[in-house]
Amino acid sequence: MDSSLVRRADPFALVAGILSLLVAVCGVLGTAPWEVVDLRWMLAGTAVVAGIAFLMASVRNSRATSDD
């Protein structure tokens with residue numbers, strides 16, 4: 001197997017899948033999505049995930065070689 005063909009997860013598909021599961025659970029339970037998840041916690045979680053993503057991106061880019 002060729003090591004250059006590493007498969008990575010699609011972050012947009014992952015988020016869309018998680019959101020669709022949340023909506024499906026809300027439909028089964030008979031509650032609205034905003035009654036299950038507090039929007040303040042969702043905003044805080046989004047900020048944490050974005051911060052971790054920015055940190056990972058900065059570390060990954062610092063290891064790359066420059067073409068200058």
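Look above for the structure.
For the structure given in this document, a descriptive report is provided here.

The rules behind these values
Think of each chain on its own: its residues are numbered from 1, step by step along the sequence as written. Under the rules for a predicted model, residues below a pLDDT of 70 receive no local features and side-chain atom pairs below 80 are neither given nor counted, while totals for whole chains, interfaces and linings still include all residues. As a rule here, side-chain values cover all heavy atoms of the structure and leave hydrogens and water aside. Numbering goes from the N terminus for both helices and strands, where a helix is a DSSP run of H or I of at least four residues and a strand is a run of E of at least two. All accessibility values rest on the Shrake-Rupley procedure with a 1.4 Å probe; residue burial counts only the protein chains present in the view. Definitions used throughout: a 1 Å grid over protein atoms alone; a cavity as a set of points that fits a 1.4 Å probe which cannot get out; a pocket as an open set with protein on both sides within 12 Å along at least five of seven lines; a lining residue as one with an atom within 4 Å of a point. Grid points are joined across faces, edges and corners, and a volume is the space filled by probe spheres set on the points.

Our next topic: the overall build of the chain. Scanning the chain for helices and strands turns up 3 helices and 0 strands. Reading the helices (α) and strands (β) of the chain from amino to carboxyl end gives α-α-α. About 6,500 Å² of surface is accessible on the chain, with carbon and sulfur atoms providing 69% of the total.

In this structure, the largest pocket occupies an estimated 480 Å³ of space. Taken together, 14 residues line the largest pocket, and the ones lying closest to its centre are P11, V15, I18, T46 and V49. Those elements giving two or more residues to the lining of the largest pocket turn out to be α1 (11-29) and α3 (39-63). Top contributing element to the lining of the largest pocket by residue count: α1, with 7 residues.

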